[in-house]
Amino acid sequence: MARFLKQGRDADAIAAEDAKVRTTVEGILAEIAARGDAAVRELSVKFDRWDREDFRLTDREIKDALAELRQRDIDDIKFAQAQVRNFAQAQKEALRDIEVETLPGVVLGQKNIPVNSIGSYVPGGKYPMVASAHMSVVTAKVAGVPRIVTCAPPFQGKPAAAIVAAQHLAGADEIYCLGGVQAVGAMAIGTERIRPVDMLVGPGNAYVAEAKRQLFGRVGIDLFAGPTETLVIADNSVDAELCATDLLGQAEHGPTSPAVLLTTSEALARETMREIDRLLAILPTAAIARVAWADYGQVIVCGSDEEMVQEADRIASEHVQVMTRDPDFFLQRMTNYGALFLGPRTNVAYGDKVIGTNHTLPTKKAARYTGGLWVGKFLKTVTYQRVLTDAASATIGEYCSRLCMLEGFAGHAEQANVRVRRYGGRNVPYAQAAE
């Protein structure tokens, strides 16, 4: 049976904080709906201390941002975007339109159509999250989305040059320096200056994630992507330094980022906790990572690899780093995760920044029912039907009529009956099932 050597905060306390977030977000979205740009501007000043009449960046501002970066920085951004683009293109090629004749004269088809517009949120208040621009904008471009809007908060009192460059190089059509709930609210609801979009994508903090949840239905969303989660699955084939580094490497995202160690080795578990303490004394982002580890860190010891699979699926973490003798054991058996990182040679940072898979992934156990952002999220798989012959229409009509009357839908049945009479030459009485 799994044993906890360390647990995070009480679940009731976390639920109470979530309730406060919900209430705050409801109020902000109501303000945006009622007062548009004026509310957005006030909220930007309040939360980001950032004010301007028009939050959309001009072409001149975009060029100036590019000029701030070294050529190596631009080349690195282009390299990362090429990896994301290549994988997204391969994913798209796995999707195809189909058309099949299921019965003589009955043709059914499927098409994959991109959504008309998306709003991409790129986090950047604490760190300029350059990679988030690649993950949403590049992938939407590959899908064929015609209008791509991006929002990122100011960083240290101005637009983050690296984020602006990434958004532009990825192909964003409209770039706004605007953060938080006011950004996703403006994109979804629309204001005098910002035309609403059809879909919101991108990760964010708890407030952004809650805003997306509340806006879902009014617009589509990619998934519920809140604070970063990481799960390290390890046995005694690896050392504590790797485990501790991979846990803290994600805990630095924010003070509410869960980091969990799952292992069959109690010795490794205890040594990893000691190593985390050592690294927190020298890590430049320790002020954030320490809080996340204290409040949301867990260490769980299991009796077998099979038990680790069960625990991992229960946790349903966003990122799962597998460092065991047989990583494929977990690849073949695990069902609930956002992304797997198999073996000590890879790690979550590779996926976050450059390797090519998408880093916008499900959190808060959403991995039980959805995967992460990918090119297919931007595509609507729609169907169509075509009946080619009189005989086919009459045959389908007879079945349809009887099934409609079985449910009591006389009007539905008559839609079928009129075609049985017209194309099958049978005199079916009005609103009676064709026998």
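This write-up is about the structure you can find in this document.

Rules used throughout
- Residues numbered from 1 in each chain as written.
- Predicted model: local features only at pLDDT ≥ 70, side-chain atom pairs only at ≥ 80, totals over all residues.
- Heavy atoms only, no water.
- Helix = DSSP H or I, 4+ residues; strand = E, 2+ residues; numbered from the N terminus.
- Buried < 20%, exposed > 50% of the residue type's maximum accessible area, 1.4 Å probe, protein only.
- Areas by Shrake-Rupley, 256 points an atom, 1.4 Å probe, with all protein chains shown as cover.
- Lys, Arg positive; Asp, Glu negative; His and termini not counted.
- Charge placed at Lys NZ, Arg CZ, Asp CG, Glu CD.
- Axes fitted to C-alpha atoms, helices over the stretch in contact; angles between N-to-C directions.
- Parallel < 35°, antiparallel > 145°, perpendicular 65-115°, else oblique.
- Left-handed = near helix turned anticlockwise from the far one by under 90°.
- Contact = heavy atoms within 4.5 Å.
- Disulfide = S-S within 2.5 Å.
- Pairing = 2+ DSSP bridges.
- Phe/Tyr/Trp six-rings, centres within 6.5 Å; stacked < 30°, edge-to-face > 60°.
- Lys NZ or Arg CZ within 6 Å of the ring centre and 35° of its normal.
- 1 Å grid on protein atoms, 1.4 Å probe; cavity = no way out; pocket = protein on both sides within 12 Å on 5 of 7 lines; lining within 4 Å.
- Points joined across faces, edges and corners; volume = space filled by probe spheres on them.
- Core = buried A, V, L, I, M, F, W, Y, C linked by side-chain atoms within 4.5 Å.
- Expected span 1.5 Å × (residues − 1).

1. Digging into the overall build of the protein chain
Along the backbone of the protein chain there are 15 helices and 14 strands. Counting all 435 residues of the protein chain, 50% fall into the buried class. When the accessible area of the protein chain is evaluated, it comes to approximately 20700 Å², of which 52% is carbon and sulfur surface. Side-chain charges of the protein chain comprise 49 positive and 54 negative groups, with the mean position of each set lying 4 Å from the other.

2. Some thoughts on the packing of helix α4 (residues 130-143) against helix α5 (residues 161-170)
Remark: α4 packs on α5, axes separated minimally by 9 Å, with the N-to-C direction vectors making an angle of 10°. With respect to each other, α4 and α5 are oriented roughly parallel. You can see that α4 and α5 cross each other, and the crossing is right-handed. Contact with α4, carried on its side by V130, A133, H134, V137, V138 and K141, involves A162, I163, A166, Q167 and A170 of α5 and no other residues of that element.

3. Some words on the state of the cysteines
By definition, a disulfide is the covalent link that joins the sulfur atoms of two cysteine residues. For the coordinates displayed, the defined rule picks out zero disulfides. No disulfide involves C151; its sulfur sits 9.0 Å from the nearest other cysteine sulfur, which is in C177. With relative accessibility at 0%, the residue C151 sits in the buried group. Of the cysteine sulfurs around C404, a residue in no disulfide, the closest is that of C400, at 3.8 Å.

4. Considering the sheet that holds strand β9 (residues 230-234)
Across the sheet, which stays open at both edges, the six strands sit in the order β1-β11-β10-β9-β12-β13 with mixed pairing between neighbours. Sheet topology places β1 (3-6) and β13 (339-342) at the edges, where each strand pairs with a single neighbour. Geometrically, the sheet is characterised by an average inter-axis angle of 20° between neighbouring strands, direction not taken into account. Inspection of the sheet shows β9 paired to strand β10 (residues 259-263) by five bridges, in the parallel sense. Directly across from L231, in β10, lies its bridge partner V260. Here helix α8 (residues 240-251) sits on the sheet and contacts β9, β10 and β12 (319-323); the angle it forms with β9, its principal contact strand, is near 170°. Packed onto the sheet, helix α10 (residues 286-296) meets β1, β10 and β11 (297-301) and runs at close to 50° relative to β11.

5. Here we look at the packing of aromatic side chains
Under the counting rule described, the total for this entry stands at one aromatic pair. Arranged with centres 5.4 Å apart and planes meeting at 75°, the rings of F329 and F330 form a pair that is edge-to-face. Judged by relative accessible area, which is 11%, F329 ranks as buried. By relative accessible area, F330 is classed as buried at 0%. Above the ring of W293, the side-chain terminus of K6 is found at 4.9 Å from the ring centroid. Above the plane of the ring of Y399 lies R402, whose end atom (NZ or CZ) is 5.1 Å from the centre.

6. So, the environment of A133
Mapped onto the fold, A133 is located in helix α4. Residue class for A133 comes out buried when judged on its relative accessible area of 0%. Sequence-wise, A133 and L29 are 104 residues apart; in three dimensions their C-alpha atoms are separated by 24 Å.

7. Some details on the layout of surface pockets
In this model, the second largest pocket occupies a volume close to 460 Å³. In terms of lining, the second largest pocket is formed by 24 residues, of which the most central are E252, H253, A349, D352 and K353. Those elements that place two or more of their residues in the lining of the second largest pocket are α3 (71-93), α4, α8 and α13 (348-353).

8. Things to note about the pairing of β9
Extensive coverage of β9 is indicated by the burial of five of its five residues. Going residue by residue along β9, you find T230, V232 and A234 tucked away on one face and L231 and I233 tucked away on the opposite face as well.

9. Description of unusual backbone geometry
For Q156, which is not a glycine, the phi torsion comes out positive at approximately 55°. Structurally, Q156 can be placed in the loop between β5 (147-152) and α5. Its relative accessible area of 72% is what places Q156 among the exposed residues. Positive phi outside glycine occurs at A316, with the angle close to 50°. Here A316 shows up in the loop between α11 (305-315) and β12.

10. Quick word on the nonpolar core
In this structure, I118, V145, L178, L200 and F378 are the most contacted members of the largest nonpolar core, which totals 71 residues. Apart from the residues within four sequence positions on either side, I118 is in contact with A140, V145, R147, I148, V149, V197, M199, V201 and F378. Listed in part, the 24 residues of the second largest apolar core include A244, L279, W293 and V301.

11. With respect to the sheet that holds strand β2 (residues 98-103)
Judged by pairing direction, the sheet is antiparallel, and its three strands sit side by side in the order β2-β3-β14 without closing on themselves. Single-partner strands in this sheet number two, and they are β2 and β14 (379-387). The mean angle between the axes of side-by-side strands here comes to 20°, regardless of whether they run parallel or antiparallel. As judged from the five bridges shared by β2 and strand β3 (residues 106-114), these two strands associate in the antiparallel manner. When the sheet's bridge partners are listed, E101 is paired in β3 with V107.

12. Remarks on helix α15 (residues 410-424)
Side chains that are three or four residues apart share a direction in an α-helix, a result of its 3.6 residues per turn. Taking 1.5 Å per residue, 15 residues should reach 21 Å; α15 reaches 19 Å between its end C-alpha atoms and fits that length. Looking only at α15, the buried set comprises A413, E414, A416, N417 and V420. Looking one or two residues past α15, G425 carries a phi angle of roughly 70°, positive in sign.

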